[in-house]
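# An overview of the molecular structure
Here's the letter readout for the chains.
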Amino acid sequence: MVDEQDRLLPIANVGRIMKQILQPSAKISKEAKQTMQECATEFISFVTGEASDKCRKENRKTVNGDDICWALSALGFDNYAEAIVRYLHKYREAEREKANSQNKATSSQDKDEESSEDKSGQPAYQQTEEAPTPVLEFSVKKGDKS
């Protein structure tokens, strides 16, 4: 059987997330962290199970972000589903931009390599820069409809 701690989210991560919303001077008891750890783990399992059932009925093996959004809505968590849909859209947009900038860098690099061969026909050393990873922030505020 799976060890209980292996099934749960890491308590340090749960505590860190909890601390972000509290005043800097606030303290969180071990019991509060453990309770939230159990609740968050159960919530993730509940939503994922619903999404997995949908995928199984559709003969698919991979649960994707759209399935999670559907499950949140189907389970009555419409406010969360709306926020996650917005996040998912921003995430996919950032990933497309990242892929596009890498493709442009690669095609530009290929052209540079063709023009920067030394007399022996060997490519000259190229130093490449990776595109910066976009930072996405996500927060849900009570009553937020934007």
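Sequence order sets the numbering: in each chain, residues are counted from 1 along the sequence as written. Only residues with pLDDT of at least 70 are given local features in this predicted model, and only at 80 or more are side-chain atom pairs given and counted; all residues enter the totals for whole chains, interfaces and linings. Where side-chain values are given, they derive from all heavy atoms of the structure, hydrogens and water being excluded.

## Thoughts on helix H4 (residues 65-74)
Along H4, the residues that are buried comprise Asp 67, Cys 69, Ala 71 and Leu 72. Two N or O atoms count as a polar contact when they lie within 3.5 Å, although within protein this holds only if one can serve as hydrogen donor and the other as acceptor, and sequence-adjacent residues are included solely when both atoms are side-chain atoms. What counts as a helix is a DSSP run of H or I of at least four residues, what counts as a strand is a run of E of at least two, and both are numbered from the N terminus. In this structure Asn 64 caps H4, since a side-chain oxygen of it lies 2.9 Å from the backbone nitrogen of Asp 66. In this scheme, a residue with accessible area under 20% of its type's maximum is buried, one over 50% is exposed, and one in between is partly exposed, where area comes from a 1.4 Å probe on protein chains only.

## Considerations on the pattern of salt bridges
Counted as salt bridges are all cases of a side-chain nitrogen of Lys or Arg within 4 Å of a carboxyl oxygen of Asp or Glu. Across all of its chains, the model carries seven salt bridges by this definition. Residue Lys 54 pairs with Asp 67 through a salt bridge whose shortest N-O separation is 3.4 Å. Residue Lys 54 is located in helix H3 (residues 30-57), and its partner Asp 67 is located in helix H4; the two are separated by 13 residues in the primary sequence. You'll find Lys 54 and Asp 67 in the same group, each marked buried. Linking Arg 92 and Asp 66 is a salt bridge whose minimum nitrogen-to-oxygen distance equals 3.2 Å. One end of the pair, Arg 92, is in helix H5 (residues 78-115); the other, Asp 66, is in helix H4, and 26 residues separate them in sequence.

## Considerations on helix H2 (residues 11-21)
For H2, the set of buried residues is Val 14, Gly 15 and Met 18. Taken end-on, H2 shows its buried residues confined to a sector of 95°, consistent with a single buried face. Exposed positions of H2 whose direction lies more than 90 degrees from the buried face are Arg 16, Ile 17 and Gln 20. Contact between two residues is taken to exist if any of their heavy atoms lie within 4.5 Å; hydrogens are not considered. Contacts made by the buried residues of H2 are with H3. Note: the arc covers the axis-to-C-beta directions of the helix.

## What about the packing of H3 against H4?
The angle between two axes is taken between their N-to-C directions and runs from 0 to 180 degrees, where each axis is a line fitted to C-alpha atoms and a helix contributes only its stretch in contact. Closest axis-to-axis distance for the H3/H4 pair is 8 Å, and the angle between their directions is 110°. Put simply, H3 runs roughly perpendicular to H4. The residues of H4 that touch H3, namely those facing Phe 43, Val 47, Thr 48, Glu 50, Ala 51, Lys 54 and Cys 55, are Asp 67, Ile 68, Trp 70, Ala 71 and Leu 72. All residues other than Ala, Val, Leu, Ile, Met, Phe, Trp, Tyr, Cys, Pro, Asp, Glu, Lys and Arg, Gly among them, are scored as polar; the first ten of these are nonpolar and the last four charged. For the contact of H3 with H4, a count of residues per class yields eight nonpolar, one polar and three charged. Roughly parallel covers angles under 35 degrees, roughly antiparallel covers those over 145, roughly perpendicular covers 65 to 115, and oblique covers all other angles.

## Some words on the environment of Tyr 87
Structurally, the position occupied by Tyr 87 is in helix H5. The class for Tyr 87 is partly exposed, based on a relative accessible area of 31%. Along the backbone, Tyr 87 and Gly 65 are 22 residues apart, and their C-alpha atoms lie at a distance of 10.0 Å.

## Some words on the packing of H2 against H3
Running from N to C, H2 and H3 cross one another at 105°; their axes reach a closest spacing of 9 Å. In this view, H2 runs roughly perpendicular relative to H3, as classed from their interaxial angle. Taken together, the residues of H3 that come into contact with H2 (itself represented by Ile 11, Val 14, Gly 15 and Met 18) are Ala 32, Lys 33, Gln 34, Met 36 and Gln 37.

## Notes on the confidence of the model for the chain
Here the chain averages 81 in pLDDT, and 71% of its residues register 70 or above. pLDDT expresses, on a scale from 0 to 100, how confident the predictor is about each individual residue. Averaged pLDDT values over the elements of the chain bottom out at 76 in helix H1 (residues 4-7) and peak at 96 in H3. Below pLDDT 50 for its whole length, residues 122-138 participates in 19 contacts with residues either more than four positions away or in separate chains.

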